[in-house]
Amino acid sequence: MPSTFAPLKNDTFLRALLRQPTDYTPLWLMRQAGRYLPEYCATRKRAGSFLGLAKNPAFATEVTLQPIDRYGLDAAILFSDILTVPDAMGLGLYFADGEGPKFERPLQDEQAVMALRAPEMGELQYVFDAVTQIRSELQGRVPLIGFSGSPWTLACYMVEGGGSDDFRRVKAMLYSRPELMHHILKTNAQAVAAYLNAQIDAGAQAVMIFDTWGGALADGVYQEFSLAYMREVVSQLRRDKDGARIPSIVFTKGGGLWLEEIAGIGADAVGLDWTVNLARARALVGHKVALQGNLDPNVLFAGPQQIREQATKVLEAFGKPEAGSGHVFNLGHGISQYTPPEAVSVLVETVHDVSRAMRR
């Protein structure tokens with residue numbers, strides 16, 4: 001790892017996360033490096049497979065930088081997969097054509113669960129090498145975000161063996177053998193905290209926890225089996241590196257019901273999906289945490305005028321930032337692979353122009 005990286009030229013994203021004044025509202029997009037970009041598809045073809053892309057630091061660097069080269073985004077996010085951690089635990093990650101991620105050895109009995117251990121971070125060195133390479137090649141243009149899946153979201157894949165529509169296996173274990181589920185979640189929390197801290201050591205300037213499936217849980221169950229373990233992770237995160245503050249973001253898709261509780265776990269910012277009203281969210285927690293979000297990704301299939309109108313509505317819902325509040329513009333979930341690349345250009349220009357005008 002270089003002893004020093006290039007000085008950061010655009011720190012707007014980090015300042016917003018820390019609820020400091022900014023000249024405009026910064027913007028990045030979940031899954032911004034992905035299949036909607038023709039250059040990504042070309043690189044993936046060269047890599048031969050998704051895992052060939054994700055596990056090769058040079059390819060991961062290339063696709064991470066592609067949206068930064070194309071658009072005026074205010075942050076880059078490491079190109080990787082949320083399932084790298086359970087893969088390093090020996091569950092055997094693979095991708096079936098048209099079916100998404102699968103595990104060869106899911107956790108479906110007590111023996112498998114009790115044998116689970118947090119991985120050695122050396123098993124994930126390819127991720128940390130990619131972080132360092134990306135940070136170096138960014139040359140200080142924008143900050144780099146590291147990330148992980150939440151302990152609960154990882155557990156969903158680890159028990160189900162892949163994606164799920166009903167979470168039948170993982171919820172059956174949760175309700176019938178809660179002690180087994182807590183063992184998985186405790187192990188995952190230990191692994192996720194170590195994983196994110198290693199990304200910070202490698203050069204990540206902010207970190208995000210994706211709790212994609214937290215919203216599938218019942219009230220009360222969410223707090224015990226998802227939120228508590230994200231709190232455990234956040235409590236272990238490095239807060240500073242080389243004199244710079246390292247902000248953290250947590251995002252539970254479908255978590256609007258628990259906004260105040262999520263804001264209380266110690267992260268710097270809370271991500272919101274598109275079902276949450278930003279004005280209400282800011283009124284509830286706007287001086288405790290920054291907020292990130294929350295345009296419906298499907299707006300990007302409308303025309304330029306509609307994209308401008310809907311993006312402006314999101315900015316106006318949050319309102320003009322003031323001391324102690326912060327807003328990072330994002331989608332309410334990941335960008336669709338079918339999104340026209342030119343729609344993103346309209347969005348970026350709109351957010352930057354309108355938010356600058358709102359501060360005058």
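Rules behind the numbers
Residues numbered from 1 in each chain as written. Predicted model: local features only at pLDDT ≥ 70, side-chain atom pairs only at ≥ 80, totals over all residues. Heavy atoms only, no water. Phe/Tyr/Trp six-rings, centres within 6.5 Å; stacked < 30°, edge-to-face > 60°. Helix = DSSP H or I, 4+ residues; strand = E, 2+ residues; numbered from the N terminus. Buried < 20%, exposed > 50% of the residue type's maximum accessible area, 1.4 Å probe, protein only. Salt bridge = Lys/Arg side-chain N within 4 Å of Asp/Glu carboxyl O.

Q: Just give me the short version of the packing of aromatic side chains, but keep the residues and values in it.
A: Tallied over the full model, the rule gives seven aromatic pairs. Measuring from centroid to centroid gives 5.9 Å for F128 and Y195, while their planes differ by 55°, and the two rings are tilted. Here F128, found in helix α7 (residues 125-138), pairs with Y195, found in helix α10 (residues 178-202); they are 67 residues apart in sequence, far enough to count as distant. Judged by its relative accessible area of 2%, Y195 is buried. Look at F147 and F210: their rings are 5.7 Å apart centre to centre, the planes differ by 90°, and that puts the pair in the edge-to-face class. Here F210 lies in strand β5 (residues 206-211) and F147 lies in strand β4 (residues 144-149), a separation of 63 residues in the sequence. Taken individually, F147 and F210 each receive the classification buried, so the pair is uniform in this respect. Ring-pair connections join several aromatic residues into one group, and the members of that group are Y40, F50, F79 and F95.

Q: Tell me what's going on with the pattern of salt bridges, and back it up with residues and numbers.
A: Note on pairing: side chains with opposite charge can pair once their charged atoms come close. What the rule picks out here adds up to 13 salt bridges. Taking the shortest distance from any N to any O, the salt bridge between R238 and D201 comes out at 2.4 Å. Here D201 lies in helix α10 and R238 lies in the loop between α11 (221-236) and β6 (240-241), a separation of 37 residues in the sequence. We note a salt bridge from R239 to D268, for which the minimum N-O separation is 3.7 Å. Here R239 is found in the loop between α11 and β6, whereas its partner D268 is found in the loop between α12 (259-263) and β9 (269-271), with 29 residues between them in sequence. Residue classification places R239 among the partly exposed positions, given a relative accessible area of 26%.

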